[in-house]
Amino acid sequence: MKIGEYNELRINRMVDFGAYLIDDDTHEVLLPKRYLTPEMKVGDMIRVFVYNDSENRPVATTEEPNAVVGDFALMRVKAVNQVGAFLDWGLLAKDLLVPFSEQRVDMKVGRSYIVRVYLDPASERIVASAKLAKFLNKTKPDYYHRQRVEVLAVQRSDLGYRVIVNNAHWGQIYQNETYQDVNVGDRLTAFVKQVRPDGKVDVTLAKIEKMRVDDLGDRILDYLKTHNGEMALTDKSDPDDINKAFQCSKKDFKKALGLLYKQQIVTLGDTVKLVNN
């Protein structure tokens, strides 16, 4: 049974206040009555999240928290007291503590922060830390060019967005390679451009070129079909106008138009027109 993670457990016995679930090593944990459904019965296997209650006793829930142990996530501060800040974890009966020693700046009620959830070895409690750097780049990045990765947007700057790559490494998305709205806390699919000597990873939200151009060609066709087969934007249009309409670079736009032209789907001139419209 893993604390702070999802577990597949079997219902071992029913009691007035809930059900006791059991793992393969015969360890039991309580699933409170409010999470039971009429269909549940002894012997059923169910997926639950296991955490420690206020008295440090394991308890199970069918609710899904905003993050499990080992995850990074954006969470809002619900309260601050003499112990630290308490985050909205997404659980009805439990908020997530960020001790003062794990805050980079004093956390304020109502504001949201990127934190890492972990199991404190000293107290054996699940807590969170805003000191992200100590959890990252502990292993050498072993990514290949154009590898698909999952990223979490952590901070915006003039360069673009600082991100966490695959829950393990610092990365960077440059502003001119987003082509979509990005907010801190967003989880996105990206592609590796390069691993820098300092171990940080440059990634892009743009799809691998062929996939990207094919997808853009389909979107151009959809636009033409819904605009009487004609479009004022051409390969000579302003890059900002192209990006505003299709969230892409002018380079990709020209490639997509060129491909449609070679396939004799469109004609190019002062406007772009569908053939046989």
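Look up a bit, the structure's there.
This text gives an overview of the structure that appears in the document. (Residues numbered from 1 in each chain as written. Predicted model: local features only at pLDDT ≥ 70, side-chain atom pairs only at ≥ 80, totals over all residues. Heavy atoms only, no water.)

This part is about the overall build of the chain. Counting secondary structure elements, the chain contains three helices and 18 strands. Whereas a compact globule of 277 residues would reach a radius of gyration of roughly 19 Å, the chain reaches 25 Å, over 25% beyond that. Summarising its shape, the C-alpha atoms of the chain cover approximately 75 × 45 × 35 Å along the three principal directions. Within the span of the chain, comprising 277 residues, buried residues form 42% of the whole. If you take every contact in the chain between residues at least 6 apart in sequence, the share linking residues at least 24 apart comes to 54%. On the chain, roughly 15800 Å² of surface is accessible, and the fraction owed to carbon and sulfur atoms is 47%. Distance from the positive charge centre (41 side chains) to the negative charge centre (40 side chains) of the chain: 4 Å. (Helix = DSSP H or I, 4+ residues; strand = E, 2+ residues; numbered from the N terminus. Rg over C-alpha atoms; globule rule 2.2 N^0.38 Å. Buried < 20%, exposed > 50% of the residue type's maximum accessible area, 1.4 Å probe, protein only. Contact = heavy atoms within 4.5 Å. Areas by Shrake-Rupley, 256 points an atom, 1.4 Å probe, with all protein chains shown as cover. Lys, Arg positive; Asp, Glu negative; His and termini not counted. Charge placed at Lys NZ, Arg CZ, Asp CG, Glu CD.)

On the secondary structure map, Glu64 appears in the loop between β5 (58-61) and β6 (72-80). Residue Glu64 is classed as exposed on the basis of its relative accessible area of 54%. For the pair formed by Glu64 and Val201, sequence separation is 137 residues and the distance between their alpha carbons is 30 Å. Those residues in contact with Glu64, other than ones at most four positions away along the chain, are Tyr6, Arg47, Gly90 and Leu91.

Around the barrel, five strands lie side by side as β11-β12-β13-β15-β14; this closed barrel has mixed pairing. Strand after strand, the sheet turns through a mean of 50° between neighbouring axes, direction not considered. The pairing of strand β11 (residues 148-156) with strand β12 (residues 160-165) spans five bridges and is antiparallel. Bridging across to β12, Ala153 finds its partner in Val163. (Pairing = 2+ DSSP bridges. Axes fitted to C-alpha atoms, helices over the stretch in contact; angles between N-to-C directions.)

Now for the packing of aromatic side chains. Across all of its chains, the model carries eight aromatic pairs by this definition. Over the face of the ring belonging to Trp170 we find Arg162, whose NZ or CZ atom lies 3.7 Å from the ring centre. (Phe/Tyr/Trp six-rings, centres within 6.5 Å; stacked < 30°, edge-to-face > 60°. Lys NZ or Arg CZ within 6 Å of the ring centre and 35° of its normal.)

Quick look at the nonpolar core now. Of all hydrophobic cores here, the largest spans 21 residues; its most connected members are Tyr51, Met75, Leu87, Trp89, Leu96, Met107 and Val115. Of all elements in the fold, only β4 (45-52), β6, β7 (84-87), β8 (96-99), β9 (112-119) and β10 (126-129) reach the threshold of two or more residues within this core. Sequence-distant contacts of Tyr51, defined by excluding residues within four places in its chain, comprise Ile3, Arg57, Pro58, Val59, Thr61, Trp89, Leu91, Ala93, Lys94 and Ile126. Within the second largest apolar cluster, 17 residues are counted, among which are Val213, Leu233, Phe253 and Leu260. (Core = buried A, V, L, I, M, F, W, Y, C linked by side-chain atoms within 4.5 Å.)

To continue, consider the side chain of Asp23. Of note, Asp23 is situated in the loop between β2 (18-22) and β3 (28-32). The charged side chain of Asp23 is buried without a salt bridge, its nearest counter-charge being Arg10 at 8.5 Å. From its side chain, Asp23 meets the backbone nitrogen of Met1 in a polar contact 3.1 Å long. A distance of 2.8 Å separates the side chain of Asp23 from the backbone nitrogen of His27, its partner in a polar contact. Look past the residues within four positions of Asp23 in its chain and what remains in contact with it is Met1 and Leu9. (Salt bridge = Lys/Arg side-chain N within 4 Å of Asp/Glu carboxyl O. Polar contact = N/O pair within 3.5 Å; in protein donor to acceptor, adjacent residues only side chain to side chain.)

Moving on, we get to unusual backbone geometry. Its identity as a non-glycine residue notwithstanding, Asn56 has a phi of 65°, on the positive side. Along the chain, Asn56 turns up in the loop between β4 and β5.

Another aspect to go through is the sheet that holds β6. Whether parallel or antiparallel, the strands of a sheet pair through hydrogen bonds between backbone atoms. Pairing within the open sheet is antiparallel, and its five strands lie in the order β8-β7-β6-β9-β10. In this open sheet, the two edge strands, each paired with only one partner strand, are β8 and β10. Taken over all neighbouring pairs, the strand axes of this sheet differ in orientation by 55° on average, direction set aside. Both β6 and β7 contribute to a ladder of three bridges, which runs antiparallel. Within β7, the residue paired with Ala79 across the bridge is Phe86.

On to the pattern of salt bridges, then. A side chain of one charge can pair with a side chain of the opposite charge when the charged atoms of the two come close. As enumerated under the stated definition, the model contains 13 salt bridges in all. The closest approach of N and O atoms between Arg57 and Asp53, which form a salt bridge, is 3.0 Å. When its relative accessible area of 45% is taken as the criterion, Arg57 is described as partly exposed. Given the relative accessible area of 16%, Asp53 is considered buried. In this structure, a network of salt bridges that share partners links the residues Arg196, Asp198, Lys200 and Asp202.

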